[in-house]
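Structural description and commentary
In case you want the letters, here they are:
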Amino acid sequence: MPLIGTSQEAYWQQEVNYKMQVDVDVERHQLNGNQTLLYTNNSPDTLHEIYYHLYFNAFKPDGMMDIRSRSILDPDDRVLDRISKLNNDEIGYHIITNLSQDGTDLSYNVEYTILEVELAHPILPGGRTELSLNFKSQIPVQIRRSGRDNKEGISYSMAQWYPKIAAYDSRGWHANPYIAREFYAPWGQFDVSITINKNYIIAASGILENNNEIGYGYQDDLSIDPKHNEEKLTWHFINEKAHDFMWAADPDYIHETVQVPNGPKLHFFYQQSHATRHWKKLPEILITAFRYMNTHFGTYPYNDFYVIQGGDGGMEYPMSTLITGHRDLVSLVGVAVHEALHSWYQGVLATDESYYHWMDEGYTTYASSLTMDYLMGVDNDQSNAKNYINYYSLVTSGQEEPMSTHADYFETNFAYKRAAYSKGAVSLSQLGYLVGDDCLKKILLNYFDQWKFKHPNMNDFIRVAEKTSSMELDWYYDYWIHSIKTIDYAIQEVQSIEQSTIIKLQRIKPIPMPIDLIINLKDGTKKCYYIPLGIMRGYKKPENAMPREIMRDWHWTHPNYNLMIEVNLDNIKSIEIDPSRRMADIDRSNNSYLNK
Ligand SMILES: [Zn+2]
């Protein structure tokens, strides 16, 4: 029997191999670079044009990021109107010259942060082409994520710093201008050589190839004579499998390492000061965190992970993160764990963050809630309680938009953040309610194993969840991701009929759910009545030792459901819908009944 194609069999992804050499002028804060890109078209389509991101162009007055920040209701306080006030020597830009395809000069057009290129000859399905260009860039004063001289005094935080090919997938090109957030790029190899004055230490999202020549520690051995600061060194990094490349440089970085048993080597780059005193405690804590994360979310596949002081908060890059360092211990651990978990949800499971921000930020938030509770020794099954609270306040704010909204198109930053981080985290925690927490653990491990080093989308995740649970789950995403409909179940009335009890249940809001109804008896015992949701075509395994009875299906078309149980009402102390609180019921005041 012929196999019907699964999403994996039909799956393809583009491949890019970068080779870049850049020379840094630390006086003018400019770069001179050249880039060769080997592009493999694994799509079934013939490509006639190609697009690059030129992210530094966002940091000029009156550009899209500037205007958006000055017109949105709740601008990011790191941006505000700061771009509009940049001087010529503070703005960012990329100037492209000598762009060619297999030796033939190409015509191109720069439109804000997008370089539009008409190819000299099309790239056929399965075809390969070599694109070369030179670029001269000015590194902006740090406004958002990347730039020079961040507020903690890190010289260069070099994220989104090079002409970066746009993503092309089954939905076509993703040449989104840089407005605020979220990145998506094809997988490939990065071979990057950075030449900079020898008093700088570079940390990057790649392995230092010429460690023997210049190495970390080189600077420690050598007391650098200030008059030799003009001399330069070239740092050569390779990352064999990544979708981005970040680096940071500072003369005062110290470098510390620690080995996770059966895991990666962790590297820490930061400026030593009173404000960064808690960094000394970070290595041991992250060893514990990585062991937990490897067990619960899939094995971290690289040999190294770099925690680098820089940037303007916390931001994830392949096998690395840039975080600000002047923090108390809880905040430092919190940001380091969150960004490290992005190595799973974004770094290795490279979803299109613009459309699936909730699979990136939401899954990371869910996983970091569990990891942080583990680190703190908290074991109360309520690790994600704060994410539910944030989701409920989004609902009451009236500003909620569907999670399927493109990250840049939300009306407010508030609605984006609550959707991506909080409602995204709830999407997973609530999936645990639907399929059982043990099954959810398997889903996350299967998802990682099946989609690592690829670009999974929502349907890919749903299919893994469905196959692992043997349940139909598409309806859940139709409601939870594509709409702002809500959940509210109620115990309407409880009646005694001879030796039995009738519990009248009501679905008040549109989203249907299976129901865990717990009866607390006066003798101290508990019993679970599980009401499956018809469209799920299945039900979860018992999650605890409590006796459980599976009742008839509740269909989504039916607002009401009468549950008759063979228990005398006199023996019932109380009744509650979902005491686990994993179902995001927006009004829990009607979820319980107390027999007085
Ligand atoms: Zn994040």
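Residues numbered from 1 in each chain as written. Predicted model: local features only at pLDDT ≥ 70, side-chain atom pairs only at ≥ 80, totals over all residues. Heavy atoms only, no water.

Regarding its fold elements, the protein chain presents 11 helices and 31 strands. Its C-alpha radius of gyration of 27 Å places the protein chain within 12% of the 25 Å reference for a compact globule of 596 residues. Principal axes of the C-alpha set define a box for the protein chain whose edges measure 95 × 55 × 50 Å. Considering the protein chain as a whole, with its 596 residues, one finds that 58% of them fall into the buried category. At a minimum sequence separation of 6, the contacts of the protein chain that also span at least 24 residues come to 70%. For the protein chain, the accessible area works out to roughly 24400 Å², and carbon and sulfur atoms hold 48% of it. Here the protein chain holds 54 positive side-chain charges and 77 negative ones, and the gap between their average locations is 6 Å. (Helix = DSSP H or I, 4+ residues; strand = E, 2+ residues; numbered from the N terminus. Rg over C-alpha atoms; globule rule 2.2 N^0.38 Å. Buried < 20%, exposed > 50% of the residue type's maximum accessible area, 1.4 Å probe, protein only. Contact = heavy atoms within 4.5 Å. Areas by Shrake-Rupley, 256 points an atom, 1.4 Å probe, with all protein chains shown as cover. Lys, Arg positive; Asp, Glu negative; His and termini not counted. Charge placed at Lys NZ, Arg CZ, Asp CG, Glu CD.)

Take helix 4 (residues 329-341) next. With 13 residues, helix 4 should cover 18 Å at 1.5 Å per step; its first-to-last C-alpha distance of 18 Å lies within 8% of that length. Within helix 4, burial applies to Leu332, Val333, Val335, Ala336, Val337, His338, Glu339, Ala340 and Leu341. (Expected span 1.5 Å × (residues − 1).)

What follows concerns the side chain of Glu400. Within the secondary structure, Glu400 is located in the loop between helix 7 (385-397) and helix 8 (413-435). Side-chain polar atoms of Glu400 contact the side chain of Lys423, separated by 2.9 Å. (Polar contact = N/O pair within 3.5 Å; in protein donor to acceptor, adjacent residues only side chain to side chain.)

Turning our eyes to something else, we now look at the packing of aromatic side chains. One pass over the structure, following the stated rule, counts 49 aromatic pairs. Where Trp475 meets Tyr476, the ring centres are 5.9 Å apart and the plane angle is 55 degrees; that geometry is what we call tilted. Against the face of Trp480 rests Lys423, its NZ or CZ located 4.8 Å from the ring centre. Across the ring face of Trp451, the terminal group of Lys454 is positioned such that the distance to the ring centre comes to 5.8 Å. (Phe/Tyr/Trp six-rings, centres within 6.5 Å; stacked < 30°, edge-to-face > 60°. Lys NZ or Arg CZ within 6 Å of the ring centre and 35° of its normal.)

Once that is clear, we can look at the domain arrangement of the protein chain. What the domain assignment lists for the protein chain is domain 1 (12-248), domain 2 (366-480) and domain 3 (489-594). Of note, the centres of domain 2 and domain 3, computed from C-alpha atoms alone, are 24 Å apart. Opposite the 22 residues of domain 2 that make contact, domain 3 presents 25 residues. Taking both sides of the interface into account, the surface hidden between domain 2 and domain 3 amounts to around 1900 Å²; carbon and sulfur atoms contribute 63%. Looking only at domain 2, the three residues that lose the most surface to domain 3 are Tyr433, Trp475 and Tyr479, adding up to 40% of its buried area. Put simply, domain 2 and domain 3 have 1 salt bridge between them. Summed over the shared surface of domain 2 and domain 3, the result is 11 residue pairs in polar contact (both at pLDDT 80 or more). Contributing elements (two or more residues each) for the side of domain 2 that touches domain 3: helix 7, helix 8 and helix 11 (474-480). A total of 7 residues in the side of domain 2 that touches domain 3 trace back to one element, the largest contributor, which is helix 8. Along the lines of polarity and charge, the residues of the side of domain 2 that touches domain 3 split into 14 nonpolar, 6 polar and 2 charged. (Domains from an automatic or database assignment. Buried area = accessible area lost by both parts, 1.4 Å probe. Salt bridge = Lys/Arg side-chain N within 4 Å of Asp/Glu carboxyl O. Nonpolar A, V, L, I, M, F, W, Y, C, P; charged D, E, K, R; others polar.)

What follows concerns the coordination of the zinc ion. In an ideal tetrahedron of four donors about a metal, each angle is 109.5 degrees. In an ideal octahedron of six donors, the angles are 90 or 180 degrees. Of the protein atoms, only His338 (NE2), His342 (NE2) and Glu361 (OE) coordinate the zinc ion, at distances of 1.9 to 2.1 Å. Each donor residue of the zinc ion lies on one chain, and together they are spaced H-x3-H-x18-E. Separated by 23 residues along the polypeptide, His338 in helix 4 and Glu361 in helix 6 (residues 357-376) bring together distant segments of the chain. Under the relative-accessibility criterion, His338 is labelled buried at 14%. You can call Glu361 buried: its relative accessible area is 4%. (Donors = N, O, S within 2.8 Å, 3.2 Å for Na, K, Ca; no water.)

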